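Secondary and tertiary structure notes
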Amino acid sequence: MQLTTSIRRALLAGTAAAVLCAGAGSAVAAPAGAATRPTAGPAAAASAPAAASAPADRLRPLAALSADRLATADLVAAAKWGTGSPIDDPAREREVLAAVAAQARQVGADPEATVRIFRDQIEASKLVQRGLHRRWAADPAQAPTSRPDLARVRAEINRINGELVRAVAASPQARTAPGCVPRLTVDALRVGRQRHLDLLHAAGLARSLRSVCGG
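Quick look at the overall build of the protein chain
- Of the regular secondary structure elements, the protein chain holds eight helices and zero strands.
- From first element to last, N terminus to C terminus, the protein chain shows the α and β order α-α-α-α-α-α-α-α.
- Taking all 215 residues of the protein chain together, 41% fall into the buried category.
- Taking contacts inside the protein chain between residues at least 6 apart in sequence as the whole, the part at least 24 apart equals 90%.
- By element, 57% of the accessible surface of the protein chain is carried by carbon and sulfur atoms, the whole surface being about 11,000 Å².

Structural notes on helix H7 (residues 180-194)
- Taking 1.5 Å per residue, 15 residues should reach 21 Å; H7 reaches 21 Å between its end C-alpha atoms and fits that length.
- Within H7, burial applies to Cys-180, Leu-184, Thr-185, Val-186, Asp-187, Ala-188, Leu-189, Val-191, Gly-192 and Arg-193.
- Two residues or fewer after H7 comes His-196, characterised by a positive phi angle close to 55 degrees.

Re the nonpolar core
- Leu-62 and Leu-205 are the most contacted members of the largest nonpolar core, which has 39 residues in total.
- Counting only elements with at least two residues in this core, the list comes to helix H2 (42-80), helix H3 (90-107), helix H4 (111-138), helix H5 (150-169), H7 and helix H8 (199-208).
- Among all residues touching Leu-62, those that are not within four sequence positions of it are Leu-164, Ala-167, Val-168, Ser-171, Arg-175, Leu-209 and Val-212.

Brief notes about the environment of Ala-174
- Relative to the elements of secondary structure, Ala-174 occurs in helix H6 (residues 172-176).
- For the pair formed by Ala-174 and Arg-58, sequence separation is 116 residues and the distance between their alpha carbons is 6.3 Å.

Side note on the state of the cysteines
- Tallied over the full model, the rule gives one disulfide.
- Shown here is the disulfide that connects Cys-180 with Cys-213, its sulfur atoms set 2.0 Å apart. Disulfide Cys-180-Cys-213: the torsion about the S-S bond is -80 degrees, which places it as left-handed. Of the two residues, Cys-180 is situated in helix H7 and Cys-213 in the segment after H8; the sequence distance between them amounts to 33 residues.
- Look at Cys-180 and you get buried, because its relative accessible area is 2%.
- On the basis of relative accessibility, which here comes to 5%, the residue Cys-213 falls in the buried class.

Observations concerning the side chain of Ser-211
- Residue position: Ser-211 is located in the segment after H8.
- In this structure the side chain of Ser-211 is engaged in a polar contact, spanning 2.6 Å, whose partner is the side chain of Asp-120.

Section: the pattern of salt bridges
- Enumeration according to the criterion identifies 15 salt bridges in this entry.
- Between Arg-207 and Asp-120 there is a salt bridge, and its shortest N-O distance comes to 2.6 Å. Here Asp-120 lies in helix H4 and Arg-207 lies in helix H8, a separation of 87 residues in the sequence.
- Residue Asp-120 is classed as buried on the basis of its relative accessible area of 3%.
- With its nearest N and O atoms 3.4 Å apart, the salt bridge here joins Arg-135 to Asp-198. One end of the pair, Arg-135, is in helix H4; the other, Asp-198, is in the loop between H7 and H8, and 63 residues separate them in sequence.
- Judged by its relative accessible area of 30%, Arg-135 falls in the partly exposed class.
- Of the residues examined, Asp-198 reaches a relative accessible area of 29% and is grouped as partly exposed.
- Here the residues in one salt-bridge network are Asp-88, Glu-93, Glu-123, Lys-126 and Arg-130, joined through shared partners.

Overview of the confidence of the model for the protein chain
- Per-residue pLDDT for the protein chain averages 82, and the proportion of residues at 70 or more is 73%.
- Per-element confidence in the protein chain ranges from a low mean pLDDT of 53 for helix H1 (residues 5-20) to a high of 98 for H4.
- Confidence drops under a pLDDT of 50 for residues 18-53, and excluding neighbours within four residues, the segment shows 22 contacts in the predicted structure.

What counts, and at which threshold
- Residues numbered from 1 in each chain as written.
- Predicted model: local features only at pLDDT ≥ 70, side-chain atom pairs only at ≥ 80, totals over all residues.
- Heavy atoms only, no water.
- Helix = DSSP H or I, 4+ residues; strand = E, 2+ residues; numbered from the N terminus.
- Buried < 20%, exposed > 50% of the residue type's maximum accessible area, 1.4 Å probe, protein only.
- Contact = heavy atoms within 4.5 Å.
- Areas by Shrake-Rupley, 256 points an atom, 1.4 Å probe, with all protein chains shown as cover.
- Expected span 1.5 Å × (residues − 1).
- Core = buried A, V, L, I, M, F, W, Y, C linked by side-chain atoms within 4.5 Å.
- Disulfide = S-S within 2.5 Å.
- Polar contact = N/O pair within 3.5 Å; in protein donor to acceptor, adjacent residues only side chain to side chain.
- Salt bridge = Lys/Arg side-chain N within 4 Å of Asp/Glu carboxyl O.
- pLDDT = per-residue confidence, 0-100.

Below you can see the structure in the form of structure tokens.
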């Protein structure tokens with residue numbers, strides 16, 4: 001199940017707002033309705049922190065690792081800039097998806113869910129690469145002056161992919177819980193603010209997380 005269009009837009013708008021408001025304060029709004037929940041009895045209150053923190057603990061690495069992976073899009077874009085190499089690379093994409101599906105089976109993750117999430121990761125990376133190439137074409141002064149080694153960049157991507165697969169494997173309950181979307185949105189807001197993402201990269205982060213919540 002993918003996030004609805006309206007929620008994706010809210011995630012992007014919220015992340016962008018966090019970027020624009022960075023430095024204005026450290027507080028991030030809690031998921032809707034959190035402040036209005038009735039007070040529970042002593043036993044329920046004692047177990048509430050563990051129950052509430054578990055989904056957040058499982059979702060937070062997904063947002064952070066997605067941002068880590070997205071940061072490599074800048075290096076890939078720079079490596080391809082001026083070479084005529086297309087941003088779309090179907091052979092490389094098939095290789096990545098096959099590898100993460102195999103890794104998912106090894107660590108006990110759902111291969112289909114893992115592949116869905118990584119398709120979004122790949123599309124997010126291409127979104128950022130296209131945006132950067134348009135930016136550099138419009139203003140050559142912003143274009144990179146050196147070309148990263150694409151093989152080394154891909155080795156780093158593969159390392160992050162492995163961590164992200166393990167994060168997917170560790171989060172099935174959090175990803176299918178009713179509160180996944182608001183919690184993931186809050187985590188994306190925090191990551192966007194911590195990384196000082198611009199609007200292009202905020203859009204990429206929102207795109208990368210589209211299929212995290214759901215079965």
